[in-house]
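Commentary on secondary and tertiary structure
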Amino acid sequence: MSDWQHELRNELNLILYANSVARQALVHGHPEDVRAGLDRIDAAVVQCGALLDRMATAATPPPAHPAGATQGG
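These numbers were taken from a predicted model, which means no experiment stands behind them.

1. Let's talk about the overall build of the chain
On a plain count of helices and strands, the chain comes out with two helices and zero strands. When the 73 residues of the chain are sorted by exposure, 16% land in the buried category. Considering only contacts within the chain whose residues lie at least 6 apart along the sequence, 61% involve residues at least 24 apart.

This is the structure we're talking about:
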């Protein structure tokens, strides 16, 4: 598993955990804890997006040169 895959898996696990904590806090009437859980989820989702962007950038092949063009310009 690559580093970004490991990081993505960690962020997804954090989302699941924070969701569970927020649900429990909601059941027990602790709105501050619900808000904290939702904030953690928001941050993890943003991090997942950044990881996916990094993955997409790394996987994008360089642009092809038009026929007859030289690399030196």
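2. Observations concerning the nonpolar core
Counting residues in each nonpolar core, the largest one holds seven residues, listed as L8, I15, A18, I41, A44, C48 and L51. Sorting the residues of this core by element identifies α1 (3-27) and α2 (31-59) as the ones contributing at least two each. By residue number, the principal contributor to this core is α2, which donates four residues.

3. Here's the deal with the environment of A18
Among the secondary structure elements, A18 is positioned in helix α1. When the C-alpha atoms of A18 and A44 are compared, they prove to be 9.5 Å apart, with 26 residues separating the residues in sequence. Setting aside residues no more than four positions away along its own chain, A18 makes contact with G37, R40 and I41.

4. Points about the environment of W4
Here W4 lies in helix α1. C-alpha separation for the pair W4 and R54, spaced 50 residues apart in sequence, amounts to 8.3 Å. Aside from chain neighbours lying at most four places away, what touches W4 is L51 and M55.

5. With respect to the side chain of E11
Residue position: E11 is located in helix α1. Buried charge without a salt bridge: E11, with R54 as the nearest opposite-charge side chain at an N-O distance of 8.8 Å. Not counting residues up to four positions away in its chain, the partners in contact with E11 are A44, Q47, C48 and L51.

Calculation notes
- Residues numbered from 1 in each chain as written.
- Predicted model: local features only at pLDDT ≥ 70, side-chain atom pairs only at ≥ 80, totals over all residues.
- Heavy atoms only, no water.
- Helix = DSSP H or I, 4+ residues; strand = E, 2+ residues; numbered from the N terminus.
- Buried < 20%, exposed > 50% of the residue type's maximum accessible area, 1.4 Å probe, protein only.
- Contact = heavy atoms within 4.5 Å.
- Core = buried A, V, L, I, M, F, W, Y, C linked by side-chain atoms within 4.5 Å.
- Lys, Arg positive; Asp, Glu negative; His and termini not counted.
- Salt bridge = Lys/Arg side-chain N within 4 Å of Asp/Glu carboxyl O.

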